[in-house]
Amino acid sequence: MKKLRTLIVDDEDLARKNLEFLIKDYCPNVEVIGNAASAKEAVRFLKSNSIDLMLLDIEMPNGSGFELLEMIKDEINFKIIFITAYHEYALKAFKYSATDYILKPINPEELEAGIAKIQAVSSTESKDKIETLIENVQRRGEQFNKIALPSMEGLQFVALDDVIYCESQDNYTQFFLVDGKKIMVSKTIKFFEDALDDSKFFRVHRSNIINLKYIDKYVKGEGGYVVLKQGARIPVSRRRKESFLQLFQYQ
């Protein structure tokens, strides 16, 4: 099998060396052909070298990993795995784009699994993930505007404003979109409760998350429910009712 020609991008010399040692010990299908300590070094390397994979750190003082992506976005024809310390904004961006990442300190088994996973992803799918990531990150202080949904047909990239509500189906989640389309996703509703922006989406029931912009009215009572603009009636559980009404400053 052809080895993945790989570039490591990280501002810390020790981190680059440690990652290279782990690759030699655990990833025989990976060949490290270069190292870069900054976004500018990475750009220079890519001008004269072709790679299959980039292992990219996010937090770098002279240009973050995200800034590097913006610099080379029209020339990305390789796969990327992000290597990062915990950073809530970055992790949420990765989740929204279904982009692969490994947390520092690096666990060898996670590295091995990440390499195996990225090999199974098509170049087109990988490019779509990165484009979605760049689009979301470019919004800076604004909220993300697109999410990648892993369905039976592959990844589908959906504008968040097009999501009316989500419904739990055991270990799956069904998305209902404004155009009437439904997408069954192979992740639990809890995953999306954690991932989706809670200023726009709210879990009103153990089975449902709704997009607040599509609420038409709330019908109160013991079995209270919301009516969405497209006509769907979604129950509001008793234990979530108070938090839900507080969103609208009800007393």
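Note: the structure precedes this text.
Asker: How should I be thinking about the overall build of the protein in this particular structure?
Answerer: Along the backbone of the protein there are 8 helices and 15 strands. Seen along its three principal axes, the alpha-carbon backbone of the protein occupies a region of about 65 × 35 × 30 Å. Total accessible area on the protein is roughly 13,500 Å²; 46% of this is exposed by carbon and sulfur atoms.

Asker: Help me out: how do you make sense of the environment of Lys 220 in this one?
Answerer: For Lys 220, the location among the structural elements is in the loop between β13 (215-219) and β14 (225-228). Accessibility expressed as a relative area gives 73% for Lys 220, which makes it exposed. Linking Lys 220 and Lys 241, residues 21 residues apart in sequence, is a C-alpha distance of 9.4 Å.

Asker: Just checking my understanding: could you explain the pattern of salt bridges for this structure?
Answerer: Think of it this way: side chains of opposite charge can pair up when their charged atoms draw near. In total, this model carries 14 salt bridges according to the counting rule given. Of the charged contacts, one joins Asp 57 and Lys 104 as a salt bridge, the two residues approaching to 3.4 Å between their closest N and O atoms. Taken together, the residues span a long stretch of sequence, with Asp 57 in strand β3 (residues 53-57) and Lys 104 in the loop between β5 (101-103) and α5 (108-119) at a distance of 47 residues. Look at Lys 104 and you get partly exposed, because its relative accessible area is 25%. Between Glu 125 and Lys 129 there is a salt bridge, with the nearest N and O atoms lying 3.9 Å from each other. Within this pair, Glu 125 and its partner Lys 129 are both found in helix α6 (residues 123-137), separated by 4 residues, close to a single helical turn.

Asker: Honestly, helix α4 (residues 88-97) in this entry has me stumped. Any pointers?
Answerer: Each α-helix winds once per 3.6 residues, and so residues spaced three or four apart point in a common direction. Among the residues of α4, Ala 90, Leu 91, Ala 93, Phe 94, Tyr 96 and Ser 97 are the ones counted as buried. Looking one or two places after α4, you find Ala 98, whose phi comes out positive at around 60°.

Asker: Whenever I open this one, the sheet that holds β5 confuses me. Can you help?
Answerer: The pairing of strands in a sheet comes from backbone hydrogen bonds and takes either a parallel or an antiparallel form. On the basis of which strands lie adjacent, the open sheet formed by 5 strands has the order β2-β1-β3-β4-β5 and parallel pairing. If you trace the sheet from one side to the other, it starts and ends with β2 (30-36) and β5, each paired once. Here the strands of the sheet are splayed against their neighbours by 20° on average, with no regard to which way each runs. Across 3 bridges, the pairing between strand β4 (residues 79-84) and β5 is parallel. Residue pairing for β5: Thr 84 is matched across the bridge by Leu 103. α4 contacts β4 and β5 of the sheet and is inclined by roughly 150° relative to β5. α5 rests against β1 (4-9), β2, β3, β4 and β5 of the sheet, and its axis sits at about 155° to β4.

Asker: Got a minute to help me understand the environment of Asp 216 in this structure?
Answerer: Position of Asp 216 relative to the elements: it lies in strand β13. Separated by 169 residues in sequence, Asp 216 and Lys 47 place their C-alpha atoms 54 Å apart. Once you skip the residues sitting within four places of it in the chain, Asp 216 turns out to touch Val 227, Leu 228 and Lys 229.

Asker: What exactly am I supposed to notice about unusual backbone geometry here?
Answerer: Negative phi characterises most residues that are not glycine, and trans characterises most peptide bonds. Cis rather than trans, the peptide bond between Lys 104 and Pro 105 has omega equal to -10°. Its location among the elements puts Pro 105 in the loop between β5 and α5. The backbone of Ala 98 sits at a positive phi, close to 60°, despite the residue not being glycine. Structurally, Ala 98 can be placed in the loop between α4 and β5. Phi angles above zero are rare outside glycine, and Asp 170 is one such case at about 55°.

Asker: Even after reading the chapter, I still don't get the nonpolar core, so can you show me in this structure?
Answerer: Side chains that are nonpolar tend, in soluble globular proteins, to be buried together. Residues Met 54 and Leu 69 are the most contacted members of the largest nonpolar core, which totals 46 residues. Beyond its immediate chain neighbours, meaning those up to four positions away, Leu 69 contacts Leu 56, Ile 76, Ile 80, Phe 82, Ile 130, Leu 133 and Ile 134.

Cut-off values and rules
Residues numbered from 1 in each chain as written. Predicted model: local features only at pLDDT ≥ 70, side-chain atom pairs only at ≥ 80, totals over all residues. Heavy atoms only, no water. Helix = DSSP H or I, 4+ residues; strand = E, 2+ residues; numbered from the N terminus. Areas by Shrake-Rupley, 256 points an atom, 1.4 Å probe, with all protein chains shown as cover. Buried < 20%, exposed > 50% of the residue type's maximum accessible area, 1.4 Å probe, protein only. Salt bridge = Lys/Arg side-chain N within 4 Å of Asp/Glu carboxyl O. Pairing = 2+ DSSP bridges. Axes fitted to C-alpha atoms, helices over the stretch in contact; angles between N-to-C directions. Contact = heavy atoms within 4.5 Å. Core = buried A, V, L, I, M, F, W, Y, C linked by side-chain atoms within 4.5 Å.

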